[in-house]
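Chain by chain, the residues run as shown.
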Amino acid sequence: KAGVTQTPRYLIKTRGQQVTLSCSPISGHRSVSWYQQTPGQGLQFLFEYFSETQRNKGNFPGRFSGRQFSNSRSEMNVSTLELGDSALYLCASSSRVTNEQFFGPGTRLTVL
Amino acid sequence: GQNIDQPTEMTATEGAIVQINCTYQTSGFNGLFWYQQHAGEAPTFLSYNVLDGLEEKGRFSSFLSRSKGYSYLLLKELQMKDSASYLCAVDPGNTGGFKTIFGAGTRLFVKA
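Residues numbered from 1 in each chain as written. Chains lettered and ligands numbered in written order. Predicted model: local features only at pLDDT ≥ 70, side-chain atom pairs only at ≥ 80, totals over all residues. Heavy atoms only, no water.

Asks: A description of the overall build of chain B should follow, citing residues and the corresponding values.
Replies: On a plain count of helices and strands, chain B comes out with zero helices and eleven strands. Put simply, chain B runs from its N terminus to its C terminus through helices and strands in the order β-β-β-β-β-β-β-β-β-β-β. The C-alpha radius of gyration computed for chain B amounts to 14 Å, which stays within 12% of the reference 13 Å derived for 112 residues, consistent with globular compactness. Principal-axis analysis of the C-alpha atoms places the extent of chain B at approximately 45 × 30 × 20 Å. Burial status across chain B gives 51% buried among its 112 residues. Excluding contacts between residues fewer than 6 apart, the proportion of contacts in chain B whose partners are at least 24 apart in sequence is 56%. When the accessible surface of chain B is summed, it comes to about 5200 Å², and 49% of that surface belongs to carbon and sulfur atoms. Taken as two groups, the 9 positive and 10 negative side-chain charges of chain B have centres that lie 1 Å from each other. (Helix = DSSP H or I, 4+ residues; strand = E, 2+ residues; numbered from the N terminus. Rg over C-alpha atoms; globule rule 2.2 N^0.38 Å. Buried < 20%, exposed > 50% of the residue type's maximum accessible area, 1.4 Å probe, protein only. Contact = heavy atoms within 4.5 Å. Areas by Shrake-Rupley, 256 points an atom, 1.4 Å probe, with all protein chains shown as cover. Lys, Arg positive; Asp, Glu negative; His and termini not counted. Charge placed at Lys NZ, Arg CZ, Asp CG, Glu CD.)

Rendered as structure tokens:
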């Protein structure tokens, strides 16, 4: 079974631009969660999607948004990028049967 | 508020036993996760505790006390490859789906 995949793996943007990150969950998993990981703040929850609906949301500004498609693939978008958005963005999928979340390799975003 | 505390760093010797503690104060509690994360890689699932007590899985064991808001991860027969960050995370369970709250992680250094 293929694992969680994320594209792109690395991205460099400048302040003010926007970015879209993609996540393909493990086949059969309907829950996709997004996290931001920085050295100072650790792993912080962004949002979770289940069956194309946002089911949970963390404490991030509205510049961070996401969506999920009917095939469970998910995208997250960050608009008006700020230097502080530089981070590793991880997505995780789950079948909710075992409560185990499987993480993708992440997208490392650098904002200059 | 939501708070998860774990030591920032620990050092142990190959072949020894190490215990990584985690205390939490969250608005709700459904269960507690432990993840392992090697530098530059995604977190991988180690354990999920819902009930009080010790759960053993090979060289790794995880303990939970819900009344004390306390958990620990016990690693036995340490190997060099166990050098990694160990993340304690709580599923607050007061919403449907995932809204996992992560601690900052404990960096474990295993020396020869």
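Asks: Give me the lowdown on the layout of surface pockets, citing residues and values where you can.
Replies: The space that makes up the largest pocket amounts to roughly 670 Å³. Surrounding the largest pocket, 28 residues form its lining, Gln-37 and Pro-39 of chain A together with Gln-37, Ser-85 and Arg-107 of chain B being those nearest its centre. Of the residues forming the lining of the largest pocket, the biggest block, four residues, is contributed by strand 11 (residues 106-111) of chain B. Broken down by class, the residue content of the lining of the largest pocket amounts to ten nonpolar, 15 polar and three charged. Its volume calculated, the second largest pocket comes out at about 490 Å³. Around the second largest pocket, the lining comprises 20 residues; the ones closest to its centre are Leu-43 and Gln-44 of chain A together with Gln-2, Ile-101 and Phe-102 of chain B. Elements with a minimum of two residues in the lining of the second largest pocket: strand 5 (42-50) of chain A together with strand 1 (3-5) and strand 10 (101-102) of chain B. (1 Å grid on protein atoms, 1.4 Å probe; cavity = no way out; pocket = protein on both sides within 12 Å on 5 of 7 lines; lining within 4 Å. Points joined across faces, edges and corners; volume = space filled by probe spheres on them. Nonpolar A, V, L, I, M, F, W, Y, C, P; charged D, E, K, R; others polar.)

Asks: I'd like a rundown of the state of the cysteines, residues and numbers included.
Replies: Residues and elements named next belong to chain B. Under the defined criterion, the tally for this structure stands at two disulfides over all chains. Residue pairing for Cys-22: its cysteine sulfur links by disulfide to Cys-88, the two sulfurs lying 2.0 Å apart. Of note, the bridge from Cys-22 to Cys-88 carries an S-S torsion of about -65 degrees and is left-handed in sense. A residue pair is termed long-range when its members are at least 10 positions apart, and Cys-22 in strand 3 (residues 18-25) and Cys-88 in strand 9 (residues 84-91) qualify at 66 residues. (Disulfide = S-S within 2.5 Å.)

Asks: I'd love a proper account of unusual backbone geometry, names of residues and values included.
Replies: Geometrically, the link from Thr-7 of chain A to Pro-8 of chain A is a cis peptide bond, its omega value of -10 degrees lying close to zero. Checked against the element boundaries, Pro-8 of chain A lands in the loop between strand 1 (5-7) and strand 2 (10-13). Its identity as a non-glycine residue notwithstanding, Ser-72 of chain A has a phi of 75 degrees, on the positive side. Take Ser-72 of chain A: it is sitting in the loop between strand 7 (64-68) and strand 8 (74-78). You will see that Glu-77 of chain B, though not glycine, has its phi angle at about 45 degrees, which is positive. Locating Glu-77 of chain B in the fold gives a position in the loop between strand 8 (70-75) and strand 9.

Asks: Let's hear about the interface of chain A and chain B: which residues, and what values?
Replies: The partner chain B presents 16 residues to the 20 residues of chain A that form the contact. Carbon and sulfur atoms supply 54% of the area buried between chain A and chain B, which totals about 1600 Å² over both sides. Inspection of the region where chain A meets chain B yields three residue pairs in polar contact (both at pLDDT 80 or more). Within the residue set of the side of chain A that touches chain B, elements represented by two or more residues are strand 4 (31-38), strand 5, strand 6 (53-57) and strand 9 (87-94) of chain A. In terms of residue class, the side of chain A that touches chain B is built from six nonpolar, nine polar and five charged. (Buried area = accessible area lost by both parts, 1.4 Å probe. Polar contact = N/O pair within 3.5 Å; in protein donor to acceptor, adjacent residues only side chain to side chain.)

Asks: Quick rundown of the side chain of His-29 of chain A? Include the residues and the values.
Replies: Residues and elements named next belong to chain A. Within the element layout of this structure, His-29 appears in the loop between strand 3 (19-24) and strand 4. Note on His-29: relative accessible area 7%, which makes it buried. Apart from residues lying up to four places away in sequence, His-29 is in contact with Ser-72, Ser-93, Ser-94, Ser-95 and Phe-102.

Asks: Which residues make up the environment of Pro-105 of chain A, and what values do they have?
Replies: Here Pro-105 of chain A lies in the loop between strand 10 (102-103) and strand 11 (107-111). Between the alpha carbons of Pro-105 of chain A and Ala-92 of chain A there is a distance of 9.4 Å; along the sequence they are 13 residues apart. Those residues within four positions of Pro-105 of chain A in sequence are excluded, and the remaining contacts are Val-4, Gln-6, Arg-9, Leu-88 and Leu-90 of chain A together with Ala-42 of chain B.

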